[in-house]
Amino acid sequence: MEKQATQRPSWKLILALQTAIMVYSLSGVLIKLAGQHPVLSAPFLLLYGASMFVIALYALVWQQILKRLPLSTAYSNSAVGVIWSIVWGALFFREPIGWNMILGALIIIAGLYLVVSDNG
């Protein structure tokens, strides 16, 4: 049986997907910031609410992306959120980036390449 040729997604669609994943990963930053305040205080509620807004916005964008990309491509790209979490941890909370994190990020990138490339 012959393998069907699939059209590669446009760079704009991949950029939109990666931007959505990056924004979604910021919800974790907002939750961690909220956790630094007393529960039900104004800063806690504001940060927690902002996190829920980011998650809702991501859910809407994710549904639009799924209309235009194969599920395997979209879902495999979501692993990049782990890399964004490493970046945000270092930038916002001065968390150290260890070699194991770098190795993990490289494995994610290699796996993503294998899944979305024609060679996989």
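Note that the coordinates shown come from a computational prediction; the quantities given were computed from them, not determined experimentally. (Residues numbered from 1 in each chain as written. Predicted model: local features only at pLDDT ≥ 70, side-chain atom pairs only at ≥ 80, totals over all residues. Heavy atoms only, no water.)

### Re helix α2 (residues 42–68)
- Between its terminal C-alpha atoms α2 stretches 40 Å, which fits the 39 Å expected from 27 residues at 1.5 Å a residue.
- On its buried face, α2 sits against α1 (11–34) and α3 (71–77). (Helix = DSSP H or I, 4+ residues; strand = E, 2+ residues; numbered from the N terminus. Expected span 1.5 Å × (residues − 1). Contact = heavy atoms within 4.5 Å.)

### Observations concerning unusual backbone geometry
- We note that Leu40 has phi near 70°; this positive angle belongs to a residue other than glycine.
- Along the chain, Leu40 falls in the loop between α1 and α2.
- Accessibility expressed as a relative area gives 63% for Leu40, which makes it exposed.
- Unusually for a residue other than glycine, Arg94 sits at a positive phi of about 55°.
- Topologically, Arg94 is positioned in the loop between α4 (80–93) and α5 (99–116).
- With a relative accessible area of 74%, Arg94 lands in the exposed category. (Buried < 20%, exposed > 50% of the residue type's maximum accessible area, 1.4 Å probe, protein only.)

### A few points about the pattern of salt bridges
- Applying the stated criterion across every chain yields a total of 1 salt bridge.
- Notably, a salt bridge pairs Glu95 with Lys32, separated by 2.5 Å at the nearest N-O pair. Of this pair, Glu95 sits in the loop between α4 and α5 while Lys32 sits in helix α1; the two residues are 63 residues apart in sequence, bridging distant segments of the chain.
- Judged by its relative accessible area of 37%, Lys32 falls in the partly exposed class. (Salt bridge = Lys/Arg side-chain N within 4 Å of Asp/Glu carboxyl O.)

### Some words on the environment of Asn100
- Here Asn100 shows up in helix α5.
- For the pair Asn100 and His37, spaced 63 residues apart in sequence, the C-alpha to C-alpha distance is 31 Å.

### Remarks on a nonpolar patch on the surface
- A cluster of nonpolar residues, Ile97, Trp99, Met101, Ile102, Leu106 and Ile109, forms a patch on the protein surface that exposes about 630 Å² of accessible area.
- Residue Trp99 is classed as exposed on the basis of its relative accessible area of 74%. (Patch = residues over 30% accessible without salt bridge, like charges linked within 9 Å, V, L, I, M, F, W, Y side chains within 5 Å. Areas by Shrake-Rupley, 256 points an atom, 1.4 Å probe, with all protein chains shown as cover.)

### Observations regarding the packing of aromatic side chains
- Scanning all chains against the criterion turns up 6 aromatic pairs.
- Ring geometry for Phe92 versus Phe93: centroids 6.5 Å apart, planes at 55°, classification tilted.
- We classify Phe92 as partly exposed; its relative accessible area is 47%.
- Among the aromatic side chains, those forming a connected cluster through ring pairs are Trp84, Trp88, Phe92 and Phe93.
- When the ring centre of Phe93 is taken as reference, the NZ or CZ atom of Lys32 above it lies at 4.6 Å. (Phe/Tyr/Trp six-rings, centres within 6.5 Å; stacked < 30°, edge-to-face > 60°. Lys NZ or Arg CZ within 6 Å of the ring centre and 35° of its normal.)

### Structural notes on the confidence of the model for the protein
- The share of residues in the protein with pLDDT of 70 or more is 92%, and the mean pLDDT across the chain is 88.
- Looking over the protein, one finds the lowest element-wise mean pLDDT in α3, namely 83, and the highest in α2, namely 95.
- Note that pLDDT drops below 50 for residues 1–5; the model gives that stretch 1 contact with residues more than four away or on any other chain. (pLDDT = per-residue confidence, 0-100.)

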